There are 2 protein chains.
Amino acid sequence: MTAFVGVADMLKWISRHGAEKIMAEMADTIESDFRRWESFDKSERVADHTPFGVIELMPISDPDLYAFKYVNGHPFNPARGFQTVTAFGVLADVHNGYPVFLAEMTVLTALRTAATSAMVARRLARPDSRVMAMIGAGSQAEFQALAFRALLGIRTLSVFDVDEAVSAKLVRNLAPLGFDVKVCSSASEAASGADIVTTCTADKAVAQVLTDADVAAGMHINTIGGDCPGKTELDPQILERGPVFVEYTPQTRIEGEIQNVGADFPVVEFWRVLNGLELGRTSPEQVTIFDSVGFAIEDYSALRHLRDSLAGSDLAQEIDLVATPDDPKDLFGFTTAPLPVA
Amino acid sequence: MTAFVGVADMLKWISRHGAEKIMAEMADTIESDFRRWESFDKSERVADHTPFGVIELMPISDPDLYAFKYVNGHPFNPARGFQTVTAFGVLADVHNGYPVFLAEMTVLTALRTAATSAMVARRLARPDSRVMAMIGAGSQAEFQALAFRALLGIRTLSVFDVDEAVSAKLVRNLAPLGFDVKVCSSASEAASGADIVTTCTADKAVAQVLTDADVAAGMHINTIGGDCPGKTELDPQILERGPVFVEYTPQTRIEGEIQNVGADFPVVEFWRVLNGLELGRTSPEQVTIFDSVGFAIEDYSALRHLRDSLAGSDLAQEIDLVATPDDPKDLFGFTTAPLPVA
């Protein structure tokens, strides 16, 4: 049997442990997997583009465990009552190829994306960071805020969204949790005085939600929404302000902010910072930039974190995804054997 | 909710309708999808190779429906009590990217592979074909026999397998169903006098389970087991005996029998025969060869056939694979809303 974690079980898991604690622990799992970066077989993702959006399969494996995520991106979905992004994922045993774990990943991706951002910022942002600006207050925003509180102690937010109702939603969700949230009327106003700026907007365009003039010395910029070809968020001049850190260079060249600069623009893969092979932040005045697009190792980590966290609990069903004939060469006999009377 | 067809429901479906009737109907679905070949977006499959085997993702889409199959191939599995190949698949709505249907495909792939072989042989084998030789009597063999009976009226089989116990299993499964089965002591003996030869062996090697001397005028050769790099079944000289038909040329060049001949070796994509763009068999004396490797459209067809066949029946569960917040931009509110008391 294959373990299955559906939406209801995922929500129970979050209810029992809390999203903030889950992301703090998941960040450690992701960090430990980033540290063994070279043990992963990193396949390219397969994307199927249509006029409505994209459907992607993101596979990855280490010598023992294979993972893939199914994820769509349909920018016009919210206007029709659907989510822009939904996802699910699978873990399989590399040794026999059997799928062993299936989980919803719409919610899990939100958790892993924020956990990854905070895991990176923990190394790159100034240790005395207190205020985070959030440009874009959509589905991912609250998860970012909680993950940054868990890992960096951030409690003060300055928020801007083009849709006031969406900013109000963020205040409604986060104020009761002890955040001090200021709603701003522009991205510049939000960024002013911030130690960290998180950009997470949905518009599929070469946008500039943050301009070079908005960036102050010492800032850490966590840019999430520039994550596919033709979809970016930063004034490219910002990329010249300090070192740019990425997940997996070949993918970020295609999907990240650096698609707007030359193919030889220097970047640092973040796993190398974790392993002491490259420097992170080198001074309090430096601007640091994490050009995040989301990488398959993060999904692998999130799935194995969820699986391990749920082991022994009641929060997973079993589904009969794999046929298991007694004689592996007699699939037909298995298929046509008399069925037990119900 | 997403519909889920597990192994138990799949077996009930086969029990209710019969594998033979299902494959006859599925062959028509596959044929109708092959006829609209050009409406599909044919992505390459993504393979993750390890020392133990391979795990592949096979995506495909038309303007309305996206499908992918997860499938592994682990040659050493049967010796450890596992199946060489297991699979599952998903259908998704191209318009919003939501996965709508998940099904086991270990059994379904066996059905679709045999349905495809028979669908092709219906056009290429001599109409007076009566005897089929089967080289290899493993998991796929009985499905092939039933599909060929359903579509071509084949009732007489001559079988060879290197493992006598596996031949005995085939007799045990098929004799009660009205087949006349002769177990042979060599592939040559099995092929002698046969109108159709189906090769379906598991050895991962450049093998020659059928030699040129075994091939007689008028034969149709249905070669199934040569389906990945370094795994073939035919003496390459056989490929010179008559036209070679394939599913999707770029994939077959890498995975099929034609990997053992030049990259310019002429082949005919079978969908072109169905649509009258190329000739099939042109004389009773001609040898015809179907170099089958299995293609994603067949999985798409099998999944949509299964979904349509089960519509309105009790043979599918619903699973909560996709989170559906009332406000698509408030995933956090959805995630942390108070849970209903059980």
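Residues numbered from 1 in each chain as written. Chains lettered and ligands numbered in written order. Predicted model: local features only at pLDDT ≥ 70, side-chain atom pairs only at ≥ 80, totals over all residues.

## Here's the deal with the overall build of chain A
On a plain count of helices and strands, chain A comes out with 10 helices and 17 strands. Taken over the C-alpha trace, chain A has a radius of gyration of 21 Å; the compact-globule value for 342 residues is 20 Å, and the two agree within 12%. Considering only C-alpha atoms, chain A reaches an extent of 75 × 45 × 40 Å along its principal axes. By residue count, 55% of the 342 residues in chain A fall in the buried class. Here the contacts in chain A between residues at least 6 apart in sequence split such that 70% fall between residues at least 24 apart. (Helix = DSSP H or I, 4+ residues; strand = E, 2+ residues; numbered from the N terminus. Rg over C-alpha atoms; globule rule 2.2 N^0.38 Å. Buried ≥ 20, exposed ≤ 12 C-beta atoms within 10 Å, placed from the backbone. Contact = placed C-beta atoms within 7 Å.)

## Some details on the relation of the copies chain B and chain A
By a simple turn and slide, chain B fits onto chain A: the slide is 0.0 Å along the axis, the RMSD is 0.0 Å, and the turn is 180°. What we have between these two chains is a two-fold relation. (Least-squares fit on C-alpha atoms with pLDDT ≥ 70 in both.)

## Comments concerning the interface of chain B and chain A
Counting residues at the interface gives 66 residues for chain B, matched by 66 residues for chain A. With 6 residues, helix α1 (residues 7-17) of chain B is the single largest residue contributor to the side of chain B that touches chain A. By residue class, the composition of the side of chain B that touches chain A is 35 nonpolar, 22 polar and 9 charged. (Nonpolar A, V, L, I, M, F, W, Y, C, P; charged D, E, K, R; others polar.)

## Regarding the sheet that holds strand β7 (residues 131-135) of chain B
Residues and elements named next belong to chain B. Strand order in the open sheet formed by 8 strands is β9-β8-β7-β10-β12-β16-β14-β15, and the pairing between neighbours is parallel. The two strands at the open ends of the sheet, each matched to only one other strand, are β9 (180-183) and β15 (268-269). Bridging between strand β10 (residues 196-199) and strand β12 (residues 220-223) involves 4 bridges; their strand directions are parallel. In the strand pairing of β12, Thr-198 is matched with Asn-222. Strands in contact with helix α3 (residues 106-124) are β10, β12, β14 (244-246) and β16 (288-291); relative to β12, the strand with the most contacts, it is inclined by about 165°. (Pairing = 2+ DSSP bridges. Axes fitted to C-alpha atoms, helices over the stretch in contact; angles between N-to-C directions.)

## Concerning the sheet that holds strand β17 (residues 317-319) of chain B
Strand-to-strand pairing in sheets goes through backbone hydrogen bonds, with the strands running parallel or antiparallel. All names here are of chain B. In spatial order, the strands read β2-β3-β4-β5-β6-β1-β17; together these 7 strands make up an open sheet with mixed pairing. Bordering the open sheet on either side are β2 (46-49) and β17, each of which pairs with just one other strand. Averaged over neighbouring strand pairs, the angle between their axes works out to 20° when direction is ignored. Of the pairings in the sheet, the one linking strand β1 (residues 2-5) to β17 comprises 3 bridges and is antiparallel in character. Note on β17: the bridge partner recorded for Ala-3 is Glu-318.

## Things to note about the environment of Phe52(A)
Structurally, Phe52(A) is set in the loop between β2 (46-49) and β3 (54-61). Residues Phe52(A) and Val94(A), spaced 42 residues apart in sequence, show a C-alpha to C-alpha distance of 34 Å. Each residue touching Phe52(A), except ones within four places of it in the same chain, is listed here: His74(A), Phe76(A), Val94(B) and His95(B).

## Here's the deal with the confidence of the model for chain A
Detailed reading of predicted coordinates is not advised where the pLDDT is low. With 99% of its residues at a pLDDT of 70 or more, chain A shows a mean pLDDT of 95. Prediction confidence for the complex, expressed as pTM and ipTM, is 0.93 and 0.91 respectively. (pLDDT = per-residue confidence, 0-100.)

## A word on the domain arrangement of chain A
All names here are of chain A. Taken domain by domain, chain A comprises domain 1 (2-107 + 297-336) and domain 2 (126-294). Taken over C-alpha atoms, the centre of domain 1 sits 26 Å from the centre of domain 2. Counting residues at the interface gives 14 residues for domain 1 and 15 residues for domain 2. The element best represented in the side of domain 1 that touches domain 2 is helix α2 (residues 19-35), accounting for 8 residues. (Domains from an automatic or database assignment.)

## Here's the deal with the pairing of strand β5 (residues 87-93) of chain B
All names here are of chain B. Of all 7 residues making up β5, 6 are buried, and the element is well covered by its neighbours. The pairing of strand β4 (residues 65-73) with β5 spans 7 bridges and is antiparallel. Each residue of the ladder has a partner; that of Lys-69, found in β5, is Gly-89. Where β5 meets strand β6 (residues 99-104), 5 bridges bridge the pair, whose relative direction is antiparallel.

## Notes on α1(B)
Because each turn of an α-helix spans 3.6 residues, side chains separated by three or four positions end up pointing in the same direction. Those residues of α1(B) that sit buried are Val7(B), Asp9(B), Met10(B), Leu11(B), Trp13(B) and Ile14(B). Tucked into the core, α1(B) has its buried residues touching α10 (331-336) of chain A together with β1, α2 (19-35), β6, α3 and α9 (296-310) of chain B.

## A closer look at helix α4 (residues 141-152) of chain B
All names here are of chain B. Helix length check: α4, at 12 residues, gives a terminal C-alpha distance of 16 Å against a target of 16 Å (1.5 Å per residue), a fit within 8%. Taking burial as the measure, the 12 residues of α4 include 12 buried ones, the bulk of the element. Within the span of α4, buried status applies to Ala-141, Glu-142, Phe-143, Gln-144, Ala-145, Leu-146, Ala-147, Phe-148, Arg-149, Ala-150, Leu-151 and Leu-152. Just past α4, the residue Gly-153 takes up positive phi, approximately 75°. (Expected span 1.5 Å × (residues − 1).)

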